[in-house]
Amino acid sequence: QAVLGVAGPLFASFLGSRKGLTVPIILGIIAAGVPYYLMLVAPGSKLAFTIAALILSGTYFFAQAYLIALAAELDRKGRIVAAAGGFISGGSAIGPALGGYLIDNFGYTGTSWASLSMVVATVVLARIALGGRSRAEHHEGASLKPLPAS
């Protein structure tokens, strides 16, 4: 699992900005949702669980690399990127407690549905952020145009 966890960021560094940010972010988030989908369609399957566990870390870190790049573009002062580590650590601290609560109260199927709903919310929020990036580029481009000669 650790080797595949490294594969995601390595692939992101290989791909770089060749495909922009939109395609890798959206595909990375959706790919990170595949393990939860596998748990829904094959509950109790050891093979599905193994595949899900193996691909989760690689897809998660692939998407995360591009999400941090997006944050760097949206906040030129670097505050969001600087805070990202804290938010990631916070998620790592809260995740097991929330996951345990969901499993205990809603089972693995309910937990998978909750995880998939978070994937959908992440795609929606990423699209909003990517749209903000496009508007910011448009405004920056407009402000860099030379003034007409008088």
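Residues numbered from 1 in each chain as written. Predicted model: local features only at pLDDT ≥ 70, side-chain atom pairs only at ≥ 80, totals over all residues. Heavy atoms only, no water.

### A short note on the packing of helix H2 (residues 22-41) against helix H3 (residues 46-74)
Reasoning step 1: For the pair H2 and H3, interaxial distance at closest approach is 8 Å and the crossing angle is 155°. When the interaxial angle is binned, H2 and H3 end up roughly antiparallel. Pair H2 / H3 crosses with left-handed handedness.
Reasoning step 2: When the residues that make up the contact of H2 with H3 are grouped by side-chain class, the tally is 22 nonpolar, two polar and no charged. (Axes fitted to C-alpha atoms, helices over the stretch in contact; angles between N-to-C directions. Helix = DSSP H or I, 4+ residues; strand = E, 2+ residues; numbered from the N terminus. Parallel < 35°, antiparallel > 145°, perpendicular 65-115°, else oblique. Left-handed = near helix turned anticlockwise from the far one by under 90°. Nonpolar A, V, L, I, M, F, W, Y, C, P; charged D, E, K, R; others polar.)

### Observations regarding the side chain of Ser 112
Reasoning step 1: As for its placement among the helices and strands, Ser 112 is situated in helix H4 (residues 79-143).
Reasoning step 2: Look past the residues within four positions of Ser 112 in its chain and what remains in contact with it is Tyr 36, Met 39 and Leu 40. (Contact = heavy atoms within 4.5 Å.)

### Some thoughts on helix H1 (residues 2-15)
Reasoning step 1: Given a rise of 1.5 Å per residue, 14 residues ought to cover 20 Å, and the 20 Å separating the end C-alpha atoms of H1 matches this to within 8%.
Reasoning step 2: Taken as a whole, H1 has its buried residues at Gly 5, Gly 8, Ala 12 and Leu 15.
Reasoning step 3: Buried residues along H1 sit in contact with H2 and H3.
Reasoning step 4: Downstream of H1 by one or two residues, Gly 16 has phi in the positive range, about 55°. (Expected span 1.5 Å × (residues − 1). Buried < 20%, exposed > 50% of the residue type's maximum accessible area, 1.4 Å probe, protein only.)

### Focus on the packing of aromatic side chains
Reasoning step 1: One pass over the structure, following the stated rule, counts five aromatic pairs.
Reasoning step 2: By the ring-pair criterion, three or more aromatic residues cluster together here, those being Phe 11, Phe 14, Phe 62 and Tyr 66.
Reasoning step 3: Across from the ring centre of Phe 14, 4.7 Å away, lies the NZ or CZ of Arg 18, which sits over that ring. (Phe/Tyr/Trp six-rings, centres within 6.5 Å; stacked < 30°, edge-to-face > 60°. Lys NZ or Arg CZ within 6 Å of the ring centre and 35° of its normal.)

### A look at H3
Reasoning step 1: For H3, which comprises 29 residues, the first-to-last C-alpha distance of 41 Å matches the rise-based estimate of 42 Å (1.5 Å per residue) to within 8%.
Reasoning step 2: Of all bends in H3, the biggest is about 30°, found at Leu 56.
Reasoning step 3: Within H3, burial applies to Ala 48, Ala 52, Ser 57, Gly 58, Thr 59, Phe 62, Ala 63, Gln 64, Tyr 66, Leu 70 and Ala 71. (Bend = angle between axes of the 7 residues up to and from the residue.)

### Some remarks on the layout of surface pockets
Reasoning step 1: Put simply, the largest pocket is a space of about 1900 Å³.
Reasoning step 2: Taken together, 46 residues line the largest pocket, and the ones lying closest to its centre are Tyr 36, Tyr 60, Gly 91, Met 118 and Thr 122.
Reasoning step 3: At the level of secondary structure, the elements contributing two or more residues to the lining of the largest pocket comprise H2, H3 and H4.
Reasoning step 4: Per element, the largest residue contribution to the lining of the largest pocket is 24 residues, and it comes from H4.
Reasoning step 5: Looking at the lining of the largest pocket, its residues break down into 32 nonpolar, 13 polar and one charged. (1 Å grid on protein atoms, 1.4 Å probe; cavity = no way out; pocket = protein on both sides within 12 Å on 5 of 7 lines; lining within 4 Å. Points joined across faces, edges and corners; volume = space filled by probe spheres on them.)

### Comments concerning the pattern of salt bridges
Reasoning step 1: All chains considered together, the criterion is met by one salt bridge.
Reasoning step 2: The closest approach of N and O atoms between Arg 79 and Asp 75, which form a salt bridge, is 3.3 Å.
Reasoning step 3: On the basis of relative accessible area, Arg 79 is assigned to the exposed category, the value being 57%.
Reasoning step 4: By relative accessible area, which is 8% here, Asp 75 ends up buried. (Salt bridge = Lys/Arg side-chain N within 4 Å of Asp/Glu carboxyl O.)

### Quick look at the nonpolar core
Reasoning step 1: Leu 21, Ile 25, Ile 26, Ile 29, Tyr 66 and Leu 130 are the most contacted members of the largest nonpolar core, which totals 14 residues.
Reasoning step 2: Among the secondary structure elements, those contributing two or more residues to this core are H1, H2, H3 and H4.
Reasoning step 3: Once residues lying within four places of it in the same chain are set aside, the contact partners of Tyr 66 are Ala 12, Leu 15, Gly 16, Gly 20, Leu 21, Pro 24 and Ile 25. (Core = buried A, V, L, I, M, F, W, Y, C linked by side-chain atoms within 4.5 Å.)

Nothing here speaks to function; it is geometry throughout.
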